[in-house]
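So the chains spell out like this:
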Amino acid sequence: MKTFAAIAALVMVPALAHGANLEVRIEGLRETSGHLLLALTDSADAWDGKAESVARKRQPVAATSERIRFEGLEPGSYAISVFHDANDNGEMDKNIVGMPTEGYGFSQNPMVMRKATYEEARFELAAGGSEIVIDLR
Amino acid sequence: MSVSRRRFIELLGLGAGAAALMPVIGRANPVFDGFHAALPGKPWLAGWEDVAGDSLARQTLVVEGRMPAGLSGTLFRNGPARFERAGFRYHHWFDGDGLVHAWRVGNGRVTHEARFVATDKYVREDKADKFLVMAAGTTIPNAVAIRGPDDFNTANTAVIEHGGKLYALWEGGSAWELDPATLESLGAKTWRDDLAHLPFSAHPQPDVDGSLWNFGAMGYLSEPKLALWRIAADGTLASFDLIDMPNSGYVHAFSISAKHLVVVIAPLMSGVGGEGAFFERQRWTPEAGSIALVIDKADRTKVQRFELPAGLAYHWGAAIERGSRIELVACWYDEGGETNVELAAMMRGQPGMGAGIGARLKRITLDRATGRGSVSDTGVADVEFPTFDPRVDAPRYTWFAHQHGPNQTNQFDAVARWDAKRERLATFRYGEGRIAEEHRFVPRPGASGELDGWLVGTALDWKAKQTVLSVFDAARFEDGPIAQARLPRTVPLGFHGWFSPTA
């Protein structure tokens, strides 16, 4: 079963005059401390750190569910990776064999226990804007 | 565990494939339906029945016979017991959430209580009232993504007291600390920050100096690793090492000798292609053989490797040093690929598919001087859940649950004691209508002899619809229990326990 449509629902939101807006809802935060760090990318190269991201956001965490908004984007394909820097040390903490010990997630919520690929996380931003849900794991 | 080819294929059809293809609409679950259809005609399936609610309240039990005056403490036991949510039933016995029991014995009286381990998984799924995360042996439709192994840790395999703390254990993730007085969960145990969520197996081995050794197998990593833990007598981390595993094989338990750790890796390879849960993806690869690692306790970087014939042993007896040789016994399955088939059949209401339990008691000899390993048959069959006196460097006796002969359920109907010196198996047969579980030796306070104490264990009395705690004189256990306490209900068959004289 490759699709997990129930988890990542794409919902249309009203169109705005200049570019498209992206509403990102982050669900399932386990601590209400630190910051969420998001990277919005539009290519596999950017996803793999070989090119610039479209945008990066750092937002304080106050609740177990947070909303983050990107404005004025070109409609098209994007992917988001997010991690929860709960202790504000600026890094995604991992154990000795590299298993993450802080929350993380990807757009489309692919069922992988590793960093998703750009293709797995890719979603379409509609001209009229989109809202996506990322379940932090 | 001999099963016919036809049934093997039939089971595969109900395993990874069907679960993935069939949408869960109402109770369209062949495992759930199969089990509940079989239950009325097979009362012994109480051993795999779901337990509702979060706990079983403490109650005082009727005692038959006379509890020995010197026997005081608690037999903690653990095993899977939440198999079903929202009409969906797990496909593999190892998947159920852990229910920890406390059989408290003192002043001739016995009480019983039990509580589910409130793992993160249990709490999350209990709130949602359905299974949310992939289980070790079952693909859950529309499962949510998880961070790592502790997100599906069921803490369902064993329970141990060490350094004054009580832990419920699984094999893929953290130990879960419990309050021994109430069985309430205190959370995942992190021994050191960088060791969070690493596997701490369900089979730690107490050393004669009071420390506790354990391992954690990560055959699923791209570079398979074995974690080696040593917990000091005071409960703090004494050492941690990470060594390479030679392949992606399976290790459930290990053994320790006076100077070495012995880890035998079975060629049941993890994650070799395909989708599905961990046990669904395992592939029996006998051509790879089994590999024993003998690790120097004093310097864990000193590892000697031995090639062995292919076989799967979940459980091991004590390892004994005899000059350059190390000897140990194991409950050994020649056909390691078939155990998962039987563990799935139980969940469909068809346990006992093969002729006998299938495990043979084999002796493994590892000669450090020649680098050669060998496996020989003791002639004993159908034994499992070995226990021995951990205070002794070279135990003579090993206790087992045993299938003594043909019986209706094809499950363990006896308790047995292997005498390694005389190479003889003594048994006590519970008889028809009862399924024996693990039994443990409890030393008489102040005594040091291997038989100077009691044998304590449980059995499912499915004819009486009760679970029974039995106490034997260890030296004369063949004569039968000297006392029994009856729980006026059945509880699912469990895996491993621990007797604490202080809790």
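Residues numbered from 1 in each chain as written. Chains lettered and ligands numbered in written order. Predicted model: local features only at pLDDT ≥ 70, side-chain atom pairs only at ≥ 80, totals over all residues.

### Things to note about the overall build of chain B
Step number 1: For chain B, the helix and strand inventory stands at five helices and 34 strands.
Step number 2: Here the C-alpha atoms of chain B give a radius of gyration of 21 Å, agreeing with the 23 Å that 2.2 N^0.38 yields for 503 residues.
Step number 3: With the principal axes as the frame, chain B shows a C-alpha extent of 60 × 55 × 45 Å.
Step number 4: The proportion of buried residues among the 503 residues of chain B is 52%. (Helix = DSSP H or I, 4+ residues; strand = E, 2+ residues; numbered from the N terminus. Rg over C-alpha atoms; globule rule 2.2 N^0.38 Å. Buried ≥ 20, exposed ≤ 12 C-beta atoms within 10 Å, placed from the backbone.)

### Examining the overall build of chain A
Step number 1: Within chain A, the secondary structure is distributed over two helices and nine strands.
Step number 2: Reading the helices (α) and strands (β) of chain A from amino to carboxyl end gives β-β-β-α-β-β-β-β-α-β-β.
Step number 3: When each of the 137 residues of chain A is scored for burial, the buried share is 29%.
Step number 4: Look at the contacts in chain A between residues 6 or more apart in sequence, and 73% of them connect residues 24 or more apart. (Contact = placed C-beta atoms within 7 Å.)

### Side note on the sheet that holds strand β23 (residues 325-333) of chain B
Two orientations exist for strands paired in a sheet by backbone hydrogen bonds: parallel and antiparallel.
All names here are of chain B.
Step number 1: The strand order across the open sheet formed by four strands is β22-β23-β24-β25, and the pairing between neighbours is antiparallel. Unpaired on one side and paired on the other, β22 (312-322) and β25 (372-381) mark the two borders of the sheet. The average angle at which neighbouring strand axes cross in this sheet is 25°, direction not considered.
Step number 2: The pairing of β22 with β23 spans eight bridges and is antiparallel. By the bridge assignment, alanine 319 is partnered in β23 with leucine 328. (Pairing = 2+ DSSP bridges. Axes fitted to C-alpha atoms, helices over the stretch in contact; angles between N-to-C directions.)

### So, the sheet that holds strand β9 (residues 165-169) of chain B
Residues and elements named next belong to chain B.
Step number 1: What the four strands build is an open sheet, ordered β8-β9-β10-β11; its pairing is antiparallel. Whereas interior strands pair on both sides, the edge strands pair on one side only; in this sheet they are β8 (158-162) and β11 (185-188). With direction set aside, neighbouring strand axes in the sheet form an average angle of 30°.
Step number 2: Note that strand β10 (residues 176-178) and β11 share three bridges and pair antiparallel. Paired with glutamate 177 across the two strands is glycine 187, which belongs to β11.

### Considering helix α5 (residues 339-347) of chain B
All names here are of chain B.
Step number 1: In terms of burial, α5 is largely enclosed, as seven of its nine residues are buried.
Step number 2: Residues Thr339, Asn340, Glu342, Ala344, Ala345, Met346 and Met347 constitute the buried set of α5.
Step number 3: Of the residues one or two after α5, glycine 349 is the one with positive phi, at around 85°.

### Considerations on helix α3 (residues 120-128) of chain B
Spacing of three or four residues puts side chains on the same side of an α-helix, whose turn is 3.6 residues.
Residues and elements named next belong to chain B.
Step number 1: Among all positions in α3, only Asp120, Lys121, Tyr122 and Glu125 are buried.
Step number 2: Buried positions along α3 lie against β4 (84-85), β6 (97-106) and β7 (109-116).
Step number 3: In the segment just after α3, aspartate 129 is the residue with positive phi, at about 60°.

### Let's talk about the pairing of strand β28 (residues 414-419) of chain B
Residues and elements named next belong to chain B.
Step number 1: Of all six residues that make up β28, five are buried, and the element is covered over most of its length.
Step number 2: By the bridge criterion, six bridges tie strand β27 (residues 397-402) to β28 in an arrangement that is antiparallel. If you follow histidine 402 over to β28, its bridge partner there is alanine 414.
Step number 3: Bridge analysis of β28 against strand β29 (residues 424-429) gives six bridges, and the strand direction is antiparallel.

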